[in-house]
Amino acid sequence: MTRLKSPAVDGVPDRDLIATVEEQSAELKLLRREVEEWRRKYGKGEVRDLAFTNSAKEVEAVYTALDAAETDAEALGMPGFYPYTRGIHPTGYRGRLWTMRQFAGFGSAKDTNERYKFLLAHGQTGLSVAFDFPTLMGYDSDHPRSEGEVGKCGVAISSLADMETLFDGIPLDEVSTSMTINGPAVILYCFYIAAAEKKGIDSRALRGTIQNDILKEYMAQHAWVYPIEPALRLIVDCFEWSAEHAPQWNTISISGYHIREAGATAAQELAFTLADGFTYVERGIARGLDVDSFAPRLSFFWDIHNDFFEEIAKLRAARRIWARHMRDRYGAKDPKSLIMRFHSQTAGVTLTAQQPMNNVVRVAYQAMAAVLGGTQSLHTNSMDETLALPTEESVQVALRTQQVLAFETGVPNVLDPLGGSFYVETLTTELEREAESLFEQIEEVGGVVRGLETGWLQRKIAESSARQQWEIEQHRRVIVGVNEFVTDEPELRIELLKISEETEREQRSRMAKMRAERDGELVEQRLKALRDAASTSENLMPYILDAARAYCTLYEIRAAMETVFGAYREPVFF
């Protein structure tokens, strides 16, 4: 509902307009009395006491124009126009469907290359790389700390040689690629650029995203390498270099996903993620970059949880908040700087080992919420991911879930079909207000970096996580098949994908061969140049890229900078 305006035109009272306003006011008074009477009789949940969202936000039994009255026409807008509440494209999915980007990676680069070709052959429209834990932490597969973990939770990538194998036979100038890695993100990004160069593809033709969001690592996921300040320096180096050399590449995917998976509420995911985004913008501006030179390539990554309407409202609120702050707070002039582009993934934390077939249903509802919220890219989880890396069969079911949604439900036909819903508009506004309140609290503790150093942000998430777990244990939050609707029947047997120990042995053998064949003198020259540059204020991207081209390994490049930057050690907060 549009907020009532002053009954005057050019400062002169308009009698017809006054009459209209008076008539509307009378209707609102009547509606208010009817609503109050209805809620007094029926609105307190006598039938069942489930009057809260997944984030424990109290929910009324019915919503009316009174609840949505403060969402004015400007705040709602139209798709493709400021403030982008209803979507960033004026044609929505009628112009182009979202990218179906299944997250995949396991074993060796060769194993994952075969999975990518399988997915592309079955209709996937973008690639998304899952790295194993040693890679996520910046260790080579033959490092002592990698023992027993190589290829287990993702693909093992230790050098340009592995990256070349990973994308063998895949046209990198035709397929967009997302890489979920943070601590050593710029190193893997340089491996990718160098692999493209070996195919004769210029970096300016590459399309994709590197997650590269280190702030949420300190906050939630804990896959870090360097202390906060040098880690932020590398991210801004990436912004600066890519603006000129890889203009189609998204240099960061500011991620609420891992914040939510750690136990945050929808409002906390919204606020903490956007606060991280604002911090990156401020660091870019402090470097002397024009905000419009790098902001259009910032992207986001959201978790889509179980509360259907809350998740839709969260995505709508996120677009509106980002657009307003970028315009009014950071002075962005390019409309592309105001547009929030984002990938979504269904919530891994909601998957259950018990009755795993239920996960197919959960994922389908979450995927629909992501699409109704206007995502540009989507990963749907596989039903067996809580047990192991997904099999080809379960991955295909997850991809088919998106395809059924896209081609059979009719959902993509209408832009923001829940726009104007009294409930959804009220939720959108409430989440926006709660996020703004959390922004103020973050400022009071000294900003995001200070909030991480003191543990304030980590404690907020931990408190929310503990509350949610308590609610499950007390049966106040129902998890089907876990704390309610439990059966005594044997669990469904699902074939699981297992990574053999042979994978690690073969990877170590390949690395030994690569080390023996590369130019050792050139490797040392490139690593020394990188160490020397790290001691200055120079942009490090060219030096890291040169090291990648010389087949310096992931850990060698990480260690070269670590000798200057040091390593991050998490303080004790609790």
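Data block above holds the structure.
What counts, and where the lines are drawn
Residues numbered from 1 in each chain as written. Predicted model: local features only at pLDDT ≥ 70, side-chain atom pairs only at ≥ 80, totals over all residues. Heavy atoms only, no water. Helix = DSSP H or I, 4+ residues; strand = E, 2+ residues; numbered from the N terminus. Rg over C-alpha atoms; globule rule 2.2 N^0.38 Å. Buried < 20%, exposed > 50% of the residue type's maximum accessible area, 1.4 Å probe, protein only. Contact = heavy atoms within 4.5 Å. Pairing = 2+ DSSP bridges. Axes fitted to C-alpha atoms, helices over the stretch in contact; angles between N-to-C directions.

Participant: Can you walk me through the overall build of the chain in this structure?
Facilitator: When its secondary structure is counted, the chain shows 23 helices and 12 strands. Computed over its C-alpha atoms, the radius of gyration of the chain comes to 25 Å, within 12% of the 25 Å expected for a compact globule of 574 residues. Projected onto the principal axes, the alpha-carbon positions of the chain cover approximately 85 × 65 × 50 Å. Buried residues in the chain amount to 55% of all 574 residues. The long-range share in the chain, meaning contacts at least 24 apart out of those at least 6 apart in sequence, stands at 79%.

Participant: Whenever I open this one, the environment of I187 confuses me. Can you help?
Facilitator: Inspection of the secondary structure puts I187 in helix α7 (residues 185-198). Note on I187: relative accessible area 1%, which makes it buried. Between the alpha carbons of I187 and T553 there is a distance of 9.3 Å; along the sequence they are 366 residues apart. If we ignore the near neighbours within four places in the chain, the residues touching I187 are I544, L554, I557, R558 and M561.

Participant: Where do I start with the sheet that holds strand β10 (residues 298-304) in this structure?
Facilitator: Strands sit in the order β3-β12-β11-β10-β9 across an open sheet of 5 strands; the sheet is parallel. The open sheet has two free edges, formed respectively by β3 (99-100) and β9 (252-255), since each of these has just one partner strand. Of the strand pairs in this sheet, β10 and strand β11 (residues 341-346) are connected by 6 bridges, and their pairing is parallel. Of the residues in β11, the one forming a bridge with F301 is H343. The strands touched by helix α15 (residues 358-372) within the sheet are β10, β11 and β12 (377-379), with β11 carrying the most contacts at an inclination of about 165°.

Any functional reading would require information that these geometric values do not contain.
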